[in-house]
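# Report on the structure
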Amino acid sequence: YIISDRPEMVGLRKKLVFVVIPMLNPDGTFLGNYRTCSLGTDLNRMWVNPSKATEPTLRETKDLIQWYNNSDHFDLDFFVDIHAHSTAA
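Keep in mind that this is a model prediction, so the values were computed, not measured. (Residues numbered from 1 in each chain as written. Predicted model: local features only at pLDDT ≥ 70, side-chain atom pairs only at ≥ 80, totals over all residues. Heavy atoms only, no water.)

## Points about helix 3 (residues 56-70)
Rules: Put simply, DSSP marks the helices as runs of H or I at least four residues long and the strands as runs of E at least two long, and each gets a number from the N terminus on. One less than the number of residues in a helix, times 1.5 Å, gives the span that helix is expected to have. Whether a residue is buried, partly exposed or exposed follows from its accessible area with a 1.4 Å probe, protein chains only, as a fraction of its type maximum: under 20%, in between, or over 50%, in that order.
Here helix 3 is 15 residues long and its end C-alpha atoms lie 21 Å apart, about the 21 Å a rise of 1.5 Å per residue gives. For helix 3, the set of buried residues is Leu58, Arg59, Thr61, Lys62, Ile65 and Tyr68.

Listed below in structure tokens is the structure:
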């Protein structure tokens, strides 16, 4: 939808920058996990201080968000973390 030719999206792309990071736990997903990395860490609980050694994808994502936030060329309005639940209800 973001890259479609729909007029509303064409207009939005002229005014906004969309940064999409498709997956923060590819190693965990490969092992069948939904929210955890290969070490079993729930990445959604590690946003405050992710480690480069144990949560490298989260650390790099947080650094990228901070880069956009501190940039003189971009105004970061918001970011969205969309994820699955680690247990069934």
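## Quick notes on the layout of surface pockets
As a reminder, the rule being used: The way it works is a 1 Å grid over only the protein atoms, where trapped points that fit a 1.4 Å probe form a cavity and open points with protein on both sides within 12 Å along at least five of seven lines form a pocket, and then any residue with an atom within 4 Å of a point lines it. Grid points are joined across faces, edges and corners, and a volume is the space filled by probe spheres set on the points. Each residue gets one label: Ala, Val, Leu, Ile, Met, Phe, Trp, Tyr, Cys and Pro are nonpolar, Asp, Glu, Lys and Arg are charged, and the others, such as Gly, are polar.
Each pocket or cavity is described by its volume, and for the largest pocket that value is around 1,100 Å³. As for the largest pocket, its lining consists of 34 residues, of which Val19, Val20, Ile21, Phe79 and Val80 are closest to the centre. Take the lining of the largest pocket: its biggest share by element is five residues, from helix 3. Per-class residue counts for the lining of the largest pocket are 24 nonpolar, five polar and five charged.

## Considering the confidence of the model for the chain
Condition: One number per residue, pLDDT, summarises how confident the predictor is, and it ranges from 0 to 100.
Looking at the chain as a whole, the pLDDT averages 87, with 92% of positions reaching at least 70. At the level of individual helices and strands, the chain shows its lowest average pLDDT in helix 2 (residues 26-30), which scores 84, and its highest in helix 1 (residues 7-15), which scores 94.

## Considerations on the packing of aromatic side chains
Where we set the bar: For Phe, Tyr and Trp, rings pair up if their centres lie within 6.5 Å, where Trp contributes its six-membered ring, and each pair is then called stacked (planes under 30 degrees apart), edge-to-face (over 60) or tilted (otherwise).
Counted according to the given criterion, the structure contains four aromatic pairs. Consider the rings of Trp67 and Tyr68, whose centres lie 4.9 Å apart with planes at 85°: the pair is edge-to-face. Judged by relative accessible area, Trp67 falls into the partly exposed class, the value being 48%. Given the relative accessible area of 18%, Tyr68 is considered buried. Between Tyr68 and Phe74 the ring centres are 4.9 Å apart and the planes differ by 65°, which places this aromatic pair in the edge-to-face class. Put simply, the rings of Trp67, Tyr68 and Phe74 touch in pairs and so form one group of aromatic residues.

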